[in-house]
Amino acid sequence: KLVHAHKIPMLGYLHKPVSPDKLSEIMSQWGASSSENKPQSNKKIYSAAELQSAIANHELINYYQPKVSVATGEVIGVETLVRWHHPVDGLVFPDHFIGIAEKNHLINELTTCVLTNALTQAKIWHENGLNLRVAINLSMDNLASLDFQDLVVNLVTQAGLSPQGIVLEVTESQVMGADARVPLEILTRLRLKRFHLSIDDFGTGHSSLAQLRDIPFDELKIDQSFVHRAWTDDTLRAIYDASLSVAKQLGMETVAEGVEDQHDWELLRQTGCDLAQGNFVSRPLQAANFSTWTEEWKNRVRNGLIADSV
Ligand code: C2E
Ligand code: CA
Ligand code: CA
């Protein structure tokens, strides 16, 4: 992990004592793997002005990733994940622009745009008889002023939707400032209005046990780094089990993120995790593709996905 953190290409491992043959075998891979060492072309840095005009020009598009019940396969809700359909660069992922929005005071504008689009979509789903819970991601910076809370409440009321159907996913993208009273007050007020609060990326240092003590969350999302392959890795499994257990003891619903294959899914089933989210179920989708996916998913469930063991 240290080597990766320093972006040093790693050819492999050698056990002591090192033999010249083994060393030259490993070094012969240098040429082949050095192509992986190409500069990251996609790491373009966007300016605040570019992002602002993207928001104004409706280039930010909501994708939706399903959250399904592990016990029954029922589609319970979706998480909204924003992408930038850039006119030149194509599809740009949130890691390339959320930080810029946060640093340049554009995050309230961005979140308002994501929420507005998500509410419009939620309304369409409801009108079509799909009662999906819609989750959106909040940045800690969104929780810096009480105005934002009023905005969320007003938008949801104007859309004619009930707060119970809206899940607010929160992580600490930066350490909560010395004064945690404002975010705490906003989250508590939103909870009193019956919004569902979800603690995202649980266990990754941004989300800690202290937050569970202080904030009345309804849902705990076990971070994908503790879910995928937990069935075969004892350390991951211990963290996964502990997270599940703390959530159950606190009466919270559990969501496992990053469910990538049948093995991951089976672990959730065996351990009684409530909801699953990940590429095994579905990648994030544009709303237009949602009903096709729903039909495919129903078929997978009917064909024994739930009952099968690996
Ligand atoms: P997140 O909230 O933890 O979202 C889950 C991320 O995991 C998404 O990445 C999703 O595409 C990805 N993912 C889903 N299933 C799998 C899987 O099976 N395996 C793996 N390896 N990954 C999976 P994405 O869409 O790139 O979003 C990255 C992060 O950007 C999100 O992490 C969230 O923190 C942030 N983000 C996305 N949309 C918004 C937004 O509207 N507002 C804010 N403030 N943050 C957002
Ligand atoms: Ca999230
Ligand atoms: Ca997450």
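Bear in mind the structure is a predicted one, so any value in this text is a computation, not a measurement.

The rules behind these values
Residues numbered from 1 in each chain as written. Chains lettered and ligands numbered in written order. Predicted model: local features only at pLDDT ≥ 70, side-chain atom pairs only at ≥ 80, totals over all residues. Heavy atoms only, no water. 1 Å grid on protein atoms, 1.4 Å probe; cavity = no way out; pocket = protein on both sides within 12 Å on 5 of 7 lines; lining within 4 Å. Points joined across faces, edges and corners; volume = space filled by probe spheres on them. Helix = DSSP H or I, 4+ residues; strand = E, 2+ residues; numbered from the N terminus. Nonpolar A, V, L, I, M, F, W, Y, C, P; charged D, E, K, R; others polar. Salt bridge = Lys/Arg side-chain N within 4 Å of Asp/Glu carboxyl O. Buried < 20%, exposed > 50% of the residue type's maximum accessible area, 1.4 Å probe, protein only. Donors = N, O, S within 2.8 Å, 3.2 Å for Na, K, Ca; no water. Near = heavy atom within 4 Å. Polar contact = N/O pair within 3.5 Å; in protein donor to acceptor, adjacent residues only side chain to side chain. Areas by Shrake-Rupley, 256 points an atom, 1.4 Å probe, with all protein chains shown as cover. Sits in = over half its atoms within 2 Å of the grid points. Core = buried A, V, L, I, M, F, W, Y, C linked by side-chain atoms within 4.5 Å. Contact = heavy atoms within 4.5 Å. Axes fitted to C-alpha atoms, helices over the stretch in contact; angles between N-to-C directions. Parallel < 35°, antiparallel > 145°, perpendicular 65-115°, else oblique. Left-handed = near helix turned anticlockwise from the far one by under 90°.

(A) View of empty space enclosed by the protein. Under the definition given, this model contains one cavity of 30 Å³ or more. Here the largest cavity defines a volume of roughly 40 Å³. Together, K67, I76, G77, V78, R133, A135, V167, E219 and L275 line the largest cavity. No other element matches strand β2 (residues 75-86), which puts three residues into the lining of the largest cavity. Residues of the lining of the largest cavity, tallied by class, amount to five nonpolar, one polar and three charged.

(B) Geometry of the pattern of salt bridges. For the structure shown, the criterion picks out 14 salt bridges. Here E219 and K67 are joined by a salt bridge, their closest N and O atoms 3.1 Å apart. With a gap of 152 residues between them, E219 in strand β7 (residues 219-222) and K67 in strand β1 (residues 60-69) connect regions that are remote in the sequence. Overall, the relative accessible area of 2% leaves E219 in the buried class. Of the residues examined, K67 reaches a relative accessible area of 3% and is grouped as buried.

(C) Quick look at the coordination of the calcium ion (ligand 2). The protein atoms that coordinate the calcium ion (ligand 2) are E79 (OE), N137 (OD1), E169 (OE) and D200 (OD), at distances of 2.2 to 2.3 Å. When the donor residues of the calcium ion (ligand 2) are listed from N- to C-terminus, their spacing reads E-x57-N-x31-E-x30-D. Separating the calcium ion (ligand 2) from the calcium ion (ligand 3) is a distance of 4.0 Å, and D200 supplies a donor atom to each of them. Here the residue E79 occupies a position in strand β2, and D200 occupies one in strand β6 (residues 196-202), the gap between them amounting to 121 residues. You can call D200 buried: its relative accessible area is 6%.

(D) Focus on the site of ligand 1. Around ligand 1, the structure places 22 residues, and the nearest of them are Q65, R83, Q224, E260 and N279. Here a nitrogen atom of ligand 1 sits 2.6 Å away from a polar atom, N or O, in the side chain of E260. Here ligand 1 loses 81% of its free accessible area of 800 Å² to cover by the protein chains. More than half of the atoms belonging to ligand 1 lie within 2 Å of the grid points that define the largest pocket. Mapped by element, the contributors of at least two residues to the shell around ligand 1 are β2 and β6. Sorting elements by how many residues they give to the shell around ligand 1 places β2 first, with four residues.

(E) Region of the structure containing the nonpolar core. Among the nonpolar cores identified, the biggest contains 62 residues, and Y240, W265, L268 and W297 are the most heavily contacted of them. Those residues within four positions of W265 in sequence are excluded, and the remaining contacts are V68, S69, V70, V259, A276, F280, V281, W297, L305 and I306. In terms of nonpolar packing, the next biggest core, distinct from the first, is built from 16 residues, A54, I55, L60 and L106 among them.

(F) The arrangement of the side chain of S69 in detail. Within the secondary structure layout, S69 lies in strand β1. In this structure, S69 is in contact with E74, I76, W265, D274 and L275, ignoring residues within four places of it in sequence.

(G) Spatial organisation of the packing of helix α6 (residues 107-127) against helix α7 (residues 146-158). Running from N to C, α6 and α7 cross one another at 15°; their axes reach a closest spacing of 10 Å. Judged on the interaxial angle alone, α7 and α6 are roughly parallel. Our pair here, α6 against α7, has a crossing hand that is right-handed. For the pair α6 and α7, contact is made by N108, T111, T112, L115, T116 and L119 and by F148, L151, V152, L155 and V156, respectively.

(H) Spotlight on the coordination of the calcium ion (ligand 3). Only D200 (OD), D201 (OD), E257 (OE) and E257 (OE) from the protein reach the calcium ion (ligand 3) as donors, at distances of 2.1 to 2.5 Å. The sequence pattern describing where the donors of the calcium ion (ligand 3) fall on their chain is D-D-x55-E.

(I) Quick peek at unusual backbone geometry. The amide bond that connects K16 to the next residue, P17, takes the cis arrangement and shows omega of -5°. Tracing the chain through its elements places P17 in the loop between α1 (2-5) and α2 (20-27). Notably, R229 is not glycine yet its phi reads approximately 75°, a positive angle. Looking at the secondary structure, you find R229 in the loop between β7 and α10 (234-249). The exposure class of R229 is partly exposed, given its relative accessible area of 41%.

(J) Structural context of the environment of K248. Inspection of the secondary structure assignment puts K248 in helix α10. On the basis of relative accessible area, K248 is assigned to the partly exposed category, the value being 41%. C-alpha separation for the pair K248 and E219, spaced 29 residues apart in sequence, amounts to 9.9 Å.

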